[in-house]
Amino acid sequence: MSDSALSQPSRLNRLFPSGSFGEMIFRSLCFSAATLTLVAMAGIIVALAIGGWPAFKAFGFNFFLSSEWNPVSEVYGAAGPIIGTLITAFLALLLALPLAIGISVFLVEFCPRILARPIAVAVELLAGIPSIVYGMWGLFVLAPWFAHYIQFPLLIHVSPDTWLGKMVAGVPNGANILTASLILAIMILPYMASVFRELFLTVPAQVREAAYGLGATPFEVVCSVIIPYVKRGLIGVIMLGLGRALGETMAVTFIIGNTHSLPHSLFDSGSTIASTIANEFTEATSEMHSAALTALGLVLFMITFMVLIMARLLIGKRS
Amino acid sequence: MSSNLKRRFINKVFVALCSLSTLLAVGMLALILGSLIVNGAGGLHLSVFTQDQPSPGMSGGLRNAIIGSIAMCVVAMIIAVVLGIMAGTWLSEYSRNSKYGQAIHFLNDVLLSVPSILVGLFVYEIMVRPFHGFSAFAGAVSLALLAMPIVTRTTYDMLQLQPNTLREAGMGLGASQGLVIRSIIWKAAAPGLLTGGLLGFARISGETAPLLFTALGNQFLTLNMTEPMGSLPTTIFQFAMSAYDDWRNLAWVGALLIAMAVLTINILGRVMTRGGKR
Amino acid sequence: MTNKDNTVEDLEQFIAPPAAENLNLEARNLDFYYGTHQTLFNVSLPVERNKITALIGPSGCGKSTLLRILNRIYALYPQQYAVGRVLLDGKDILTDHDTLTRLKERGDTVTLDPLGDDISQIRARIGMVFQKPTPFPMSIYDNVAYGVRLHFNKSRQELDQIVERSLHRAALWDEVKDKLKESGLSLSGGQQQRLCVARGLAVEPEVLLLDEPASALDPVSTARLEETLMELKKDLSIVIVTHNLQQAARISDYTGFMYLGNMIEFCSTDRLFARPKTRRARDYLTGRFG
Ligand SMILES: Nc1ncnc2c1ncn2[C@@H]1O[C@H](COP(=O)(O)OP(=O)(O)O)[C@@H](O)[C@H]1O
Ligand SMILES: [Mg+2]
């Protein structure tokens, strides 16, 4: 399909005849393609800014502070989705991080050799499964299970006035902040675990051996030598995982309940920026509605952009 | 020595926790794949590939969505591979670590993980809104924008792996730099470049969000790139969120198909790299 | 080369082995395997207390492998295994289940006298310094204190003293006393290597194993390291692998010459360098191969 260009350079050579003029064309084409990256990046920012401008102008700072999102009365306050995005992403990270470290340490340090490779490959492959698959599983399997075995019992047995009762209040249909975070966690878990594993493998064998040679236990070697050795990269990867969780659309849209008010508990339905855009953008009838959604997009872009830049700076400095 | 007993105990607990988290995660992921197969495999008839998507209550398949997905992915990949390989080549061979080159490299890495829904919004703003219509071509462009950074990055990495002696040998024979790149370096790196393409392909073949408001979706079969076009992910989304059982069943079938396709492409990519390294 | 060349009887004919009561560490009849690939054949090595024992021989003859058995570092890799005995002060340290099974399979009927199953304690008593410097990603102070913190509960002052003394003994104190809080990675190669020596010394091991510790060092750093070792042997026993024959001659009391996984000759350094018994050792010492 696409690789014919690679295996037959001779045909391309006819397209770009040798000689200084052909050279210059080839080189400029490559340069333009590279510049496209910059153009795309700038384009995303400018397009979102222009598209969202009417909403920023109409609501000003209230766009971020108000949680009233009402397409009928044309009032748009994005606090609900913004908070929802942050909560679900951080919760997902909180759930996934220890597991991811556990898996990668297990694979690098403890797992019998015959098992280590297959598990590592499986984890890596799972990292590539499209998020819509995770989302569907959340909707059809996790949500009903969660409602039946967790939400109902809690609703019945825990008084709504207690601290715990307030945490778990909500419609018992399994579509809520917590299940959305769970799905997000499951989705970023294979990704983080496999990158962590690669990172841990970059620690020179001699440094590991030196630590073991002093009589350290595997736990001590992992905590005091291996993890510090790859600290920057590790934090970078955590940021990338966070970036994924922040911007993930399909895994969340299915299961978060899609209400725009501020969530009152872990078991309350909510929304994220991405899920709101995915749900409403094609149905937005008024100019202001789509402007507000585009403005939301710009907010999401700014948040993830910051996280990604930090991640890349940290990872880039690793060597 | 009691502190020593404590150390060994802590270590035991740690090993147990690590094993447990692996067990938990692998079990969970097996559960997901399992329910995908249980729910999807039953509906996997030939009709899925020969009939278009049905109205609620009717029988039908996913032909229009499958073909739409393939069409948009192919167009996207052509764009992404051509541009990505050129961009990666420039970064690796021509940029000479200039400030601009480093900036592009960095931006490409960031673009790699920009939320796909924002890419969809961007393409909507530049291609759908100005021309007043959703189109398969807009969908393909948004997918291309998602695949291109991957191809660029892999191309860069693979070209960097090629030894400088190769370049010097080629130029020593009097070939120009561009000729050396096209006739020697690309050839030597071909398996790696192909892997880059496959990785990009795997990434976009399951993408849903950017298609929602670029290609939109279409319940009829079409190959016209200027019209809205159906795709597997958007159809799955629509069907899964619906209240009809047969639509939901078809959604499972579609999800199974996508998962299988992505797995196959990824495995193919791994096999290629291994073949290339040898 | 066959195993017949270095049976125990043969060895005993031409070496005056260190007296048994002076042995700090001893390897007896070791075989070693990387998977199915055998790299050591019936190797024995006595290590006398407060002496420096050097291992020489061409690359790939198994010197590092032998060293890695002595403090059981090889056990980190499941596919590597040793068969034979290693005794620390007369007590067996290769007492894991696999080794025992394989000893039986080989036909050894000795009853072992195990030191205990705590590998961490064993390694604390037998320190190791590697070919490339291996500073940990932490401050110089923390590097040296690392092993002490693992094994002992020391107060802050005691720790300070131990760190200072260890750095002194490794001849590094004067260079780093003003920057103990800086990263260990910020030192030069020679300083890093001495930092690793200090780190090993801080836990007060009885035996220190060094695998070509000077191969990455410049002549000045090498000389300092040698001085350090000569100084250290007052307190502990040292086994050093080296490619540098002059170095072995200068600092060691005993030397073992290995070839293709066999211990060809082992005797006092003076004797080996003056009158090697075997042709192979003679060829190697005169630079005819390796
Ligand atoms: N990790 C390993 N896996 C397999 N074989 C190895 C490994 N390390 C060393 N060997 C083999 O063991 C033999 C002895 O190696 P080594 O002890 O490192 O030699 P020396 O330190 O004397 O140069 C060599 O033949 C080498 O090829
Ligand atoms: Mg060696």
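Residues numbered from 1 in each chain as written. Chains lettered and ligands numbered in written order. Predicted model: local features only at pLDDT ≥ 70, side-chain atom pairs only at ≥ 80, totals over all residues. Heavy atoms only, no water.

Visitor: Describe the sheet that holds strand S2 (residues 37-48) of chain C, with residues and values.
Guide: Residue and element names in this part refer to chain C. Reading across from one edge, S2-S1-S4-S5 is the order of the four strands in this open sheet, with antiparallel pairing throughout. This sheet does not close on itself; its edge strands, each paired only once, are S2 and strand S5 (91-92). Pairing of strand S4 (residues 80-88) with S5 involves two bridges; the strand directions are antiparallel. Bridged to Leu-87 within S5 is Asp-92. Against the sheet, helix H3 (residues 97-106) touches strand S1 (23-34) and S4, its axis set at about 95° to S4. (Pairing = 2+ DSSP bridges. Helix = DSSP H or I, 4+ residues; strand = E, 2+ residues; numbered from the N terminus. Contact = heavy atoms within 4.5 Å. Axes fitted to C-alpha atoms, helices over the stretch in contact; angles between N-to-C directions.)

Visitor: Just give me the short version of the packing of helix H9 (residues 177-201) of chain A against helix H12 (residues 231-247) of chain A, but keep the residues and values in it.
Guide: All names here are of chain A. Two elements in contact, H9 and H12, have axes separated by 10 Å at closest approach and are oriented at 160°. Compared by their axis directions, H9 and H12 come out roughly antiparallel. For the crossing formed where H9 meets H12, the hand is right-handed. Between H9, through Leu-184, Ile-188, Tyr-191, Met-192, Val-195, Phe-196, Leu-199 and Phe-200, and H12, the contact on the second element is made entirely by Gly-233, Leu-234, Val-237, Ile-238, Leu-240, Gly-241, Arg-244 and Ala-245. Across the contact of H9 with H12, the residue classes tally to 13 nonpolar, two polar and one charged. (Parallel < 35°, antiparallel > 145°, perpendicular 65-115°, else oblique. Left-handed = near helix turned anticlockwise from the far one by under 90°. Nonpolar A, V, L, I, M, F, W, Y, C, P; charged D, E, K, R; others polar.)

Visitor: Summarise the pattern of salt bridges; cite the residues concerned and give the values.
Guide: Under the criterion given, the structure shown has 34 salt bridges over all chains. Arg-8 of chain B is the partner of Asp-118 of chain C in a salt bridge, and the nearest nitrogen-oxygen pair spans 3.7 Å. Within this pair, whereas Asp-118 of chain C is found in the loop between H3 and helix H4 (119-125), its partner Arg-8 of chain B is found in helix H1 (residues 2-41), the two belonging to separate chains. For Asp-118 of chain C, a relative accessible area of 11% puts it in the buried group. Residue classification places Arg-8 of chain B among the partly exposed positions, given a relative accessible area of 27%. Ionic contacts of the salt-bridge type, sharing partners, join the residues Arg-49, Asp-89, Arg-125 and Glu-206 of chain C into one network. (Salt bridge = Lys/Arg side-chain N within 4 Å of Asp/Glu carboxyl O. Buried < 20%, exposed > 50% of the residue type's maximum accessible area, 1.4 Å probe, protein only.)

Visitor: Quick rundown of the interface of chain C and chain A? Include the residues and the values.
Guide: The partner chain A presents 19 residues to the 24 residues of chain C that form the contact. At the junction of chain C with chain A, the criterion picks out one salt bridge. One salt bridge in this structure joins Glu-209 of chain A and Arg-68 of chain C, with 2.7 Å as the shortest N-O distance. Where chain C touches chain A, the interface holds seven residue pairs in polar contact (both at pLDDT 80 or more). Among the elements of the structure, H4, helix H5 (140-151) and helix H8 (189-202) of chain C are those that each provide at least two residues to the side of chain C that touches chain A. No other element matches H5 of chain C, which puts four residues into the side of chain C that touches chain A. For the side of chain C that touches chain A, the class distribution of residues is twelve nonpolar, eight polar and four charged. (Polar contact = N/O pair within 3.5 Å; in protein donor to acceptor, adjacent residues only side chain to side chain.)

Visitor: Go over H9 of chain A, please, and point to the residues and values.
Guide: All names here are of chain A. In this model, H9 (25 residues) spans 35 Å end to end at C-alpha, consistent with the 36 Å of a helix rising 1.5 Å per residue. Bending of H9 peaks at approximately 35° at the position of Ile-188, with proline Pro-190 no more than four residues after it. By the criterion of burial, H9 is predominantly enclosed, with 21 of the 25 residues buried. Capping the start of H9, Asn-176 holds a side-chain oxygen 3.1 Å from the backbone nitrogen of Leu-178, two or three residues further along. (Expected span 1.5 Å × (residues − 1). Bend = angle between axes of the 7 residues up to and from the residue.)

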